[in-house]
2 protein chains.
Amino acid sequence: MVVDQSSLTDAEVDRIFRALADATRRDIVRRTLLGEASVSELATAYAMSFAAVQKHVAVLEGAGLVTKQARGRERIVTADPDRIAQARQLLTALEELWRARFGQLDAVLADPPTAPRSPAGPGPTPDPTT
Amino acid sequence: MVVDQSSLTDAEVDRIFRALADATRRDIVRRTLLGEASVSELATAYAMSFAAVQKHVAVLEGAGLVTKQARGRERIVTADPDRIAQARQLLTALEELWRARFGQLDAVLADPPTAPRSPAGPGPTPDPTT
DNA sequence: GTAACGTACAACCACATGGTTGTAGATCAG
DNA sequence: CTGATCTACAACCATGTGGTTGTACGTTAC
């Protein structure tokens with residue numbers, strides 16, 4: 001019932017999910033959710049070059065999942081929980097869409113005289129040839 | 001509170017989010033959540049070749065987001081809402097991780113009999129010794 | 001000032017991805 | 001059987017991705 005005003009472009013959603021489709025980046029999100037960390041601090045945690053971690057952070061930043069702020073010569077990375085919530089909301093919306101498939105149930109309850117139909121949807125009649 | 005035993009590999013999570021990082025594939029998931037559809041039926045909905053849609057379905061299938069079942073010469077595609085729920089749960093876990101940053105408040109409320117943990121401090125003193 | 005540190009960025013490489021076309025095999029309709 | 005449909009799969013191409021190394025520049029420490 002919560003009408004979510006996502007206002008996310010397809011391209012933005014692409015970037016968000018793509019950014020999350022990497023274990024290193026998910027771990028960076030975890031760490032920066034728990035507490036801010038500089039890029040170099042993050043880099044020490046992974047078996048890859050500093051530049052590689054830098055790129056991962058850039059991908060996360062491009063997806064809006066983290067933000068960078070300058071502090072002296074360091075760049076402090078902080079995760080944005082709202083962005084994650086938006087992503088989660090997208091998945092929740094999908095699940096609710098699925099629920100709507102059986103949601104004729106509500107219609108049935110509101111419309112008793114209707115014959116109990118199978119939730120096969122607006123497709124052709126199921127033809128089990130097996 | 002509900003301890004979800006996802007038991008998802010990093011590689012699996014990668015595949016799930018990567019599969020969701022494409023507008024066409026997300027739309028296929030939507031359609032097949034609402035009702036089953038053959039690959040050729042899906043293909044008519046997009047401005048690309050049948051083979052391209054076939055590949056998208058294969059990516060979704062590889063991620064476990066949809067399943068294919070043979071029906072005559074057609075392959076019926078059906079989305080798996082459980083898989084989507086798993087993905088959502090991963091994001092929820094991240095958000096809860098963030099909440100933990102602001103104190104064991106929830107932990108205290110949800111875990112009364114346990115001895116009071118040492119106040120890890122909600123301040124910016126992260127020391128994630130993995 | 002000099003050296004070390006943290007970052008940015010470019011160039012490069014191997015490989016995956018998203019698309020195409022083409023060919024071939026099953027299956028349904030006539 | 002013949003033809004149309006649906007699918008599978010291979011080959012190919014352009015582009016993106018994840019990693020590397022190297023260089024340059026601002027900032028901190030001494």
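Anyway, here's the lowdown on the structure attached to this text. This is a predicted model, so every value here is computed, not measured. (Residues numbered from 1 in each chain as written. Chains lettered and ligands numbered in written order. Predicted model: local features only at pLDDT ≥ 70, side-chain atom pairs only at ≥ 80, totals over all residues. Heavy atoms only, no water.)

Counting secondary structure elements, chain A contains six helices and three strands. Helices and strands appear in chain A in the N-to-C order α-α-β-α-α-β-β-α-α. Within chain A, the proportion of its 130 residues that are buried is 36%. The contacts of chain A with a sequence gap of at least 6 include a subset with a gap of at least 24, amounting to 52%. Of the roughly 7,800 Å² of accessible surface on chain A, 55% is carried by carbon and sulfur atoms. (Helix = DSSP H or I, 4+ residues; strand = E, 2+ residues; numbered from the N terminus. Buried < 20%, exposed > 50% of the residue type's maximum accessible area, 1.4 Å probe, protein only. Contact = heavy atoms within 4.5 Å. Areas by Shrake-Rupley, 256 points an atom, 1.4 Å probe, with all protein chains shown as cover.)

With that settled, the discussion passes to the sheet that holds strand S1 (residues 37–38) of chain B. All names here are of chain B. Strand order in this open sheet of three strands is S1-S3-S2, and the pairing throughout is antiparallel. Sheet topology places S1 and strand S2 (66–71) at the edges, where each strand pairs with a single neighbour. Relative to strand S3 (residues 74–79), S2 is paired through six bridges, and the arrangement is antiparallel. Looking at S3, one finds that Lys 68 is bridged to Val 77. Here helix H2 (residues 23–34) sits on the sheet in contact with S2 and S3, set at roughly 95° to S3. The strands touched by helix H4 (residues 50–62) are S2 and S3; relative to S2, the strand with the most contacts, the crossing angle is about 120°. (Pairing = 2+ DSSP bridges. Axes fitted to C-alpha atoms, helices over the stretch in contact; angles between N-to-C directions.)

Contacts between chain A and chain B engage 33 residues on the former and 36 residues on the latter. Buried surface at the junction of chain A and chain B, both sides included, amounts to about 3,300 Å², of which 64% is carbon and sulfur. Our enumeration of links across chain A and chain B arrives at six salt bridges. Between B:Arg26 and A:Asp10 there is a salt bridge, with the nearest N and O atoms lying 3.8 Å from each other. (Buried area = accessible area lost by both parts, 1.4 Å probe. Salt bridge = Lys/Arg side-chain N within 4 Å of Asp/Glu carboxyl O.)

Note on placement: A:Leu90 falls in helix H5 (residues 81–102). With residues near it in sequence (within four places) discarded, A:Leu90 still touches A:Leu8, A:Val13 and A:Phe17.

You can overlay chain A on chain B at an RMSD of 0.0 Å; the transform is a turn of 180° with a shift of 0.0 Å along its axis. What we have between these two chains is a two-fold relation. A shared binding surface is used by both copies, with 91% of the interface residues of chain A retained as interface residues in chain B. (Least-squares fit on C-alpha atoms with pLDDT ≥ 70 in both.)

On to the sheet that holds strand S2 (residues 66–71) of chain A. All names here are of chain A. Pairing in this open sheet of three strands is antiparallel, and the strands run S1-S3-S2 from one edge to the other. Strand pairing shows two members of the sheet lacking a second neighbour, strand S1 (37–38) and S2, which therefore form its edges. Inspection of the sheet shows S1 paired to strand S3 (residues 74–79) by two bridges, in the antiparallel sense. Considered in S3, the bridge of Ser 38 is made with Ile 76. Those strands touched by helix H2 (residues 23–34) are S2 and S3, and its axis lies near 95° from that of S3.

With that settled, the discussion passes to the protein's contact with DNA strand C. Residues in close proximity to DNA strand C total 21 residues, the closest being A:Ser40, A:Arg75, B:Ser49, B:Lys55 and B:His56. Between DNA strand C and A:Lys68, the relevant distance is 3.5 Å, taken from a phosphate oxygen to a side-chain nitrogen or oxygen of the residue. Separating a phosphate oxygen of DNA strand C from a side-chain N or O atom of B:Arg25 is a distance of 2.9 Å. Secondary structure elements with two or more residues in the surface near DNA strand C: helix H3 (39–43), helix H4 (50–62) and S3 of chain A together with H4 of chain B. In terms of residue class, the surface near DNA strand C is built from six nonpolar, six polar and nine charged. (Near = heavy atom within 4 Å. Polar contact = N/O pair within 3.5 Å; in protein donor to acceptor, adjacent residues only side chain to side chain. Nonpolar A, V, L, I, M, F, W, Y, C, P; charged D, E, K, R; others polar.)

All names here are of chain A. Note that Ala 79 resides in strand S3. A relative accessible area of 7% places Ala 79 in the buried class. Distance from Ala 79 to Arg 31, taken between C-alpha atoms, is 8.4 Å for residues 48 residues apart in sequence. Setting aside anything within four residues of it in sequence, one finds Ala 79 in contact with Val 29, Thr 32, Leu 33, Leu 65 and Val 66.

This part is about the protein's contact with DNA strand D. Inspection of the region around DNA strand D gives 21 residues, with A:Ser49, A:Lys55, A:His56, B:Ser40 and B:Gln54 positioned closest. When the atoms of DNA strand D within 4 Å of the protein are sorted by group, sugar and phosphate make up 66%. One of the side-chain nitrogen or oxygen atoms of A:Arg25 is found 2.9 Å away from a phosphate oxygen of DNA strand D. Of the residues in the surface near DNA strand D, the class split is six nonpolar, six polar and nine charged.

The subject of this paragraph is the nonpolar core. If you look at the biggest cluster of nonpolar residues, it comprises 54 residues, and the most contacted ones within it are A:Phe17, A:Leu65, A:Leu91, B:Phe17, B:Leu65 and B:Leu91. Not counting chain neighbours up to four residues away, the residues in contact with B:Leu91 comprise A:Leu20, A:Ile84, A:Ala87, A:Arg88, A:Leu91 and B:Phe17. (Core = buried A, V, L, I, M, F, W, Y, C linked by side-chain atoms within 4.5 Å.)

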